[in-house]
Amino acid sequence: MSEGLLKGRAWKFGDSVSTDDIIAGRYKFKTLNMKELAKHAMENIRPGFADQVKPGDIMVAGWNFGCGSSREQAPRVLKELGISCIIAKSFARIFYRNSITIGLPLIECPEAVDRIDEGDEVEVILDEGVVRNLSKKLEFKAKPYPDFLLKILREGGLIKYVKKFGRLPW
Amino acid sequence: MGKTIVEKILGKLSGKDVSAGDLVVAPIDYAMAHDGTAPLAIKAFMEMGGERVWNPSRIIFIIDHVSPSTSIGTSNLHKLMRDFARKHGIKLYDVGSGICHQIMVEDGYVKPGYIILGADSHTCTYGALGAFSTGIGSTEMASVFLSGKLWFKVPETIKITIMDEPPSWIMGKDIILNIIGALGSDGATYKAIEFDGSVIKKLSISDRLTICNMVVEMGAKAGIIKPDEKTKSFLGDNLGRIDIVEPDKDAEYADEYLVGVSGLEPQVAKPSKVDDVTSVTEVEGIEIDQVFIGSCTNGRIEDLRAAARILKGRKVKDGVRLLVIPASRKIYLKALNEDLIKVFLEAGGAVYSPGCGPCMGGHIGILGDDEICISTSNRNFAGRMGSPKAKIYLASPLTAAASAITGKITDPRRFL
Ligand code: SF4
């Protein structure tokens, strides 16, 4: 992900997908093994998701994606399944912070969400905040990340960043 | 330009003059994590090569979510927390102590002007005492363990002024549900909410905590109430040196709302959206299977008194189960001394040891398919309390208690 180019097939979701939808609370108390947890990702609202999703795939959703609890297991299981990016109209704030911290890029771009259908090929250039719908040949521009957050994403998350540089980015 | 409370707190502690939109790094007064989030934070801390925490006396661990443990997996995670706490000299509140947010408030960790981070979304509760407090995830919490600092984007603030003559039965829960219904579940995303007005001044600290607890249900980063005499007397001896922060008269707000409560009816959030709020009269008569009175939203002594007021000398409807969980051991003891526990038991309810209980479907009180629960907690997402096919209505302790008696969602004013 060094040049910040992400590409994959779109999975489309509606508004207010909660952290309980992403991974139900009852699972997270039993294990820190994300592979185990990931099997249950999205099972309440999209049964079979964990089996069908392919590395690189991109999730596309409406307003307030990731609302609810602070559970970091939510972005972690999606990353575990190989989701390369989530594009939504807006994100809940803790989910947003958690995703960057664990190295899962998010793009806030309402226009793009409206013009991407399930199954479309989507490409994201993270450094520039560009979203392309390759299937429909459309391009959208989102607000790029502040520099220090982009650095965390480039390193694959805060843990890897600290391991490499021996300090926090702030 | 004048400043909001949050701009002032973040400005003062980061040592800069800041306004909404600025990125700051600020030192943290207290960091809290519980059994749902601490284990992952500990793992991240170790992966980052952490050897010593920045200040063990500023970190609080609480085992409340699945407490006591119900599986080997959970027990091992609890053990990880206990071992880490012992090694680093971190204070750990073990099984039965109570819900994290209640303990933070009750044991004096929360003071006006503080910055407090919790690895839990309802950390926003502490704004009721004039602190800036917000939720973060586990890995960020690990970075706080390392450094005692974190970056923030200074949020814009929405000001909500609550006025009029409040009805005698009104609870903080009715007010905040009404506001959530009006603003929507993303109505305050990334923002702080300042509550003010004559009604806020009249409300107890308990009701104020309920209100700030639920701001995250509108996506807010923090809820905050300017400290007053009630705050001071609540903090009492623990006040010490504090920093009462007030907003400037010309503070700039992203939005300002006036909320009148005189004509309000008891409020209920319908399944499965917190912002699908209506008056109890609209949903009266819906049959229920379970009633839950507790959680960090409504498990305080005032809430138990309210429920007991209705349940005293009455019986829970056959076929309905009533679960009551005091939010902390101290509350449980008070409820014992005031004979409230007796009221619940005589009514046919079940009273459990302090903790989160069924609130997030972790263990006791899990709902089966198509079951209906009325709960005093703060979230009703599908699957939150068990089966994704179960339905959860959110309401005040008065409304929940009234419903327990009839077995149907019931207007508590019938019993008052
Ligand atoms: S009572 Fe419910 S909302 Fe409060 S901390 Fe526990 S699980 Fe979270």
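Conventions used here
Residues numbered from 1 in each chain as written. Chains lettered and ligands numbered in written order. Predicted model: local features only at pLDDT ≥ 70, side-chain atom pairs only at ≥ 80, totals over all residues. Heavy atoms only, no water. Helix = DSSP H or I, 4+ residues; strand = E, 2+ residues; numbered from the N terminus. Rg over C-alpha atoms; globule rule 2.2 N^0.38 Å. Buried < 20%, exposed > 50% of the residue type's maximum accessible area, 1.4 Å probe, protein only. Contact = heavy atoms within 4.5 Å. Lys, Arg positive; Asp, Glu negative; His and termini not counted. Charge placed at Lys NZ, Arg CZ, Asp CG, Glu CD. Axes fitted to C-alpha atoms, helices over the stretch in contact; angles between N-to-C directions. Parallel < 35°, antiparallel > 145°, perpendicular 65-115°, else oblique. Left-handed = near helix turned anticlockwise from the far one by under 90°. Nonpolar A, V, L, I, M, F, W, Y, C, P; charged D, E, K, R; others polar. Polar contact = N/O pair within 3.5 Å; in protein donor to acceptor, adjacent residues only side chain to side chain. Phe/Tyr/Trp six-rings, centres within 6.5 Å; stacked < 30°, edge-to-face > 60°. Near = heavy atom within 4 Å. Patch = residues over 30% accessible without salt bridge, like charges linked within 9 Å, V, L, I, M, F, W, Y side chains within 5 Å. Areas by Shrake-Rupley, 256 points an atom, 1.4 Å probe, with all protein chains shown as cover. Salt bridge = Lys/Arg side-chain N within 4 Å of Asp/Glu carboxyl O. Core = buried A, V, L, I, M, F, W, Y, C linked by side-chain atoms within 4.5 Å. Domains from an automatic or database assignment. Pairing = 2+ DSSP bridges. Buried area = accessible area lost by both parts, 1.4 Å probe.

Here we take up the overall build of chain B. Within chain B, the secondary structure is distributed over 15 helices and 18 strands. Over its C-alpha trace chain B gives a radius of gyration of 20 Å, about what one expects of a compact globule, namely 22 Å for 416 residues. In terms of principal-axis extent, the alpha carbons of chain B reach across some 60 × 55 × 40 Å. Counting every position in chain B, which comprises 416 residues, the buried fraction comes to 65%. In chain B, 75% of the contacts between residues at least 6 apart in sequence involve partners at least 24 apart. Distance between charge centres in chain B, computed from 48 positive and 50 negative side chains, equals 4 Å.

All right, on to the packing of helix H12 (residues 301-311) of chain B against helix H14 (residues 340-347) of chain B then. Residues and elements named next belong to chain B. Interhelical geometry of H12 versus H14 gives an angle of 45 degrees and a closest axis separation of 9 Å. Classified by the interaxial angle, the pair formed by H12 and H14 is oblique. For the element pair H12 and H14, the recorded crossing hand is left-handed. In contact with Ile-301, Leu-304, Arg-305, Ala-307, Ala-308 and Leu-311 of H12, H14 contributes Leu-340, Val-343, Phe-344 and Ala-347. Residue composition of the contact of H12 with H14, grouped by class: nine nonpolar, no polar and one charged.

The next thing to look at is the environment of B:Glu302. All names here are of chain B. Along the chain, Glu-302 turns up in helix H12. Residues Glu-302 and Asp-411 lie 109 residues apart in sequence; the distance between their C-alpha atoms is 19 Å. Here the side chain of Glu-302 touches Ser-206 through a polar contact of 3.4 Å, side chain to side chain.

Right, let's talk about the packing of aromatic side chains for a bit. Residues and elements named next belong to chain A. Evaluation of the coordinates by the stated rule reveals 20 aromatic pairs over all chains. Between the aromatic rings of Phe-91 and Tyr-96, the centroid separation amounts to 6.3 Å while the plane-to-plane angle is 50 degrees, which identifies the pairing as tilted. Classification of Phe-91 as buried rests on a relative accessible area of 0%. On the basis of an interplanar angle of 50 degrees and a centroid distance of 4.6 Å, the ring pair of Tyr-161 and Phe-165 is categorised as tilted. Within this pair, Tyr-161 and its partner Phe-165 are both found in helix H9 (residues 158-165), separated by four residues, close to a single helical turn.

All right, on to the site of the ligand then. Inspection of the region around the ligand gives B:His65, B:Ile99, B:His101, B:Asp120, B:His122, B:Ser295, B:Cys296, B:Cys356, B:Cys359, B:Met360, B:Asn378 and B:Arg384 as its neighbouring residues. When its residues are assigned to classes, the shell around the ligand shows five nonpolar, five polar and two charged.

Residues and elements named next belong to chain B. Tracing the sequence through the fold places Glu-217 in the loop between helix H8 (205-213) and strand S10 (222-225). A relative accessible area of 5% places Glu-217 in the buried class. In this view, Glu-217 contacts His-122, Ile-180, Gly-184, Ser-185, Val-274, Asn-378 and Arg-379; residues no more than four positions away in its chain are not counted.

This paragraph deals with a negative patch on the surface. Together, B:Glu156, B:Glu252, B:Asp255 and B:Glu256 give the surface a local cluster of negative charge. You can see B:Glu256 is positioned in strand S11 (residues 255-260).

In this structure, B:Ile162, B:Ile179, B:Phe195 and B:Leu311 are the most contacted members of the largest nonpolar core, which totals 109 residues. It is H12(B) that provides the largest number of residues to this core, a total of seven residues. Of the domains in this structure, domain 1 (5-14 + 21-259) and domain 2 (268-415) of chain B are the two that each give at least three residues to this core. In this structure B:Leu311 touches B:Val316, B:Leu322, B:Val343, B:Phe344, B:Ala347, B:Ala401, B:Ala404 and B:Ile405, once residues within four positions along its chain are discounted. In terms of nonpolar packing, the next biggest core, distinct from the first, is built from 102 residues, A:Leu6, A:Phe49, A:Phe65 and A:Leu158 among them.

As a general feature of sheets, a regular strand has side chains that alternate between the two faces. Residues and elements named next belong to chain A. Sheet analysis places strand S5 (residues 121-125) next to strand S6 (residues 130-133), joined by four bridges and oriented antiparallel. The residue of S6 that forms the bridge with Val-122 is Asn-133. With four bridges joining them, S6 and strand S7 (residues 138-141) adopt antiparallel strand pairing. Paired with Arg-132 across the strands is Glu-139, a residue of S7. Here S6 folds back onto S7 in antiparallel fashion, the turn holding four residues, of which Lys-137 has a positive phi close to 55 degrees.

Much of the literature gives interface size as the accessible area that the parts lose upon coming together. Residues and elements named next belong to chain B. Splitting chain B by domain gives domain 1 (5-14 + 21-259) and domain 2 (268-415). The distance between the C-alpha centroids of domain 1 and domain 2 comes to 24 Å. On the side of domain 2, 36 residues touch domain 1, which itself brings 34 residues to the contact. Here domain 1 meets domain 2 over a buried area of about 2900 Å², counting both sides, of which 58% is carbon and sulfur. The three residues of domain 1 that bury the most area against domain 2 are Ile-99, Met-171 and Lys-173, which together make up 20% of that side's buried surface. Along the contact surface separating domain 1 from domain 2 lie two salt bridges. Arg-379 serves as the salt-bridge partner of Glu-217, at 2.6 Å between the closest nitrogen and oxygen.

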